[in-house]
Every structure is written in structure tokens, then in C-alpha cells.
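# A closer look at the structure
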Amino acid sequence: MILELSLSAPEHAHLIEGYHDFFQDNHIFSTEWPYPALPGIGHSIDEAYIVAFLAGKVNTDMLPHTWTIVDLKWHVVSGSVLPRLYIVGK
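The model shown is predicted, which means the values in this text are computed figures rather than measured ones.

Strand order in the open sheet formed by five strands is 2-1-5-4-3, and the pairing between neighbours is mixed. The outermost strands of the open sheet, each flanked by one partner alone, are strand 2 (28-30) and strand 3 (44-45). In the sheet, strand 3 pairs with strand 4 (residues 67-77) via two bridges, with the strands oriented antiparallel. Bridge pairing in strand 4 links Ile45 to Trp67. Where helix 2 (residues 47-54) meets the sheet, it contacts strand 1 (2-7), strand 2, strand 3, strand 4 and strand 5 (80-89), and its direction lies at approximately 95° from that of strand 1.

What follows is about the packing of aromatic side chains. According to the stated counting rule, one finds three aromatic pairs in the structure shown. Ring plane angle 40° and centroid distance 4.8 Å describe the contact between Phe29 and Phe53, whose orientation is recorded as tilted. In this pair, Phe29 is assigned in strand 2 and Phe53 in helix 2, connecting sequence segments 24 residues apart. Ring centres 5.6 Å apart and planes at 80° place the aromatic pair Trp33 and Tyr49 in the edge-to-face group. One end of the pair, Trp33, is in the loop between strand 2 and strand 3; the other, Tyr49, is in helix 2, and 16 residues separate them in sequence. You can call Tyr49 buried: its relative accessible area is 15%. Taken together, the ring pairs in this structure connect Phe29, Trp33, Tyr49 and Phe53 into an aromatic cluster.

Cut-offs used in this document
- Residues numbered from 1 in each chain as written.
- Predicted model: local features only at pLDDT ≥ 70, side-chain atom pairs only at ≥ 80, totals over all residues.
- Heavy atoms only, no water.
- Pairing = 2+ DSSP bridges.
- Helix = DSSP H or I, 4+ residues; strand = E, 2+ residues; numbered from the N terminus.
- Contact = heavy atoms within 4.5 Å.
- Axes fitted to C-alpha atoms, helices over the stretch in contact; angles between N-to-C directions.
- Phe/Tyr/Trp six-rings, centres within 6.5 Å; stacked < 30°, edge-to-face > 60°.
- Buried < 20%, exposed > 50% of the residue type's maximum accessible area, 1.4 Å probe, protein only.

Printed below as a string of C-alpha cells:
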């Protein structure tokens, strides 16, 4: 599973300490998906799940509380086909 995170209101990004340094290049994560079903477009991801990725990288106190999947694409990575979820914090 690949997660790509962004914000729906980047003009508020300056309120999040460390946002620009981190999201400039490092907003994509590869991770195992420990759940039996793959979420779809329009589904929300638990805030705690996203905060776990960003803890220690940005000030998580100022992150949005709602993270929604806006797109899903399939990619071939190292001979495997992996889903890539595009997730926006609102």
C-alpha cells in the first residue's frame, strides 16, 4: 500500500510547524495494510493512522481531523501491484 498525503487548504500549511520542510518531498509512505478490505474513494482514514505517519515530522496538533481518499490508482512496484491512495486532509 502506498499513501500520498496532502492538504485541501495549503494556504493554511504555514500554521503547521514543519509542514513545508516535510511535505515538499516526503509526503508519500509505503506501508502494510492490516485491514481485510481496501478503502475506496470518498472513504475517510482514521486520523490516528495518519498522525502516526507524521508524528515527529510535523506538528500534528495543527493537522486536519478529516482525511479522505480522493483517488486510488494501481502501481507496479518491485514486481508487485500495489494500490496507491491519494489522501487529502480537510
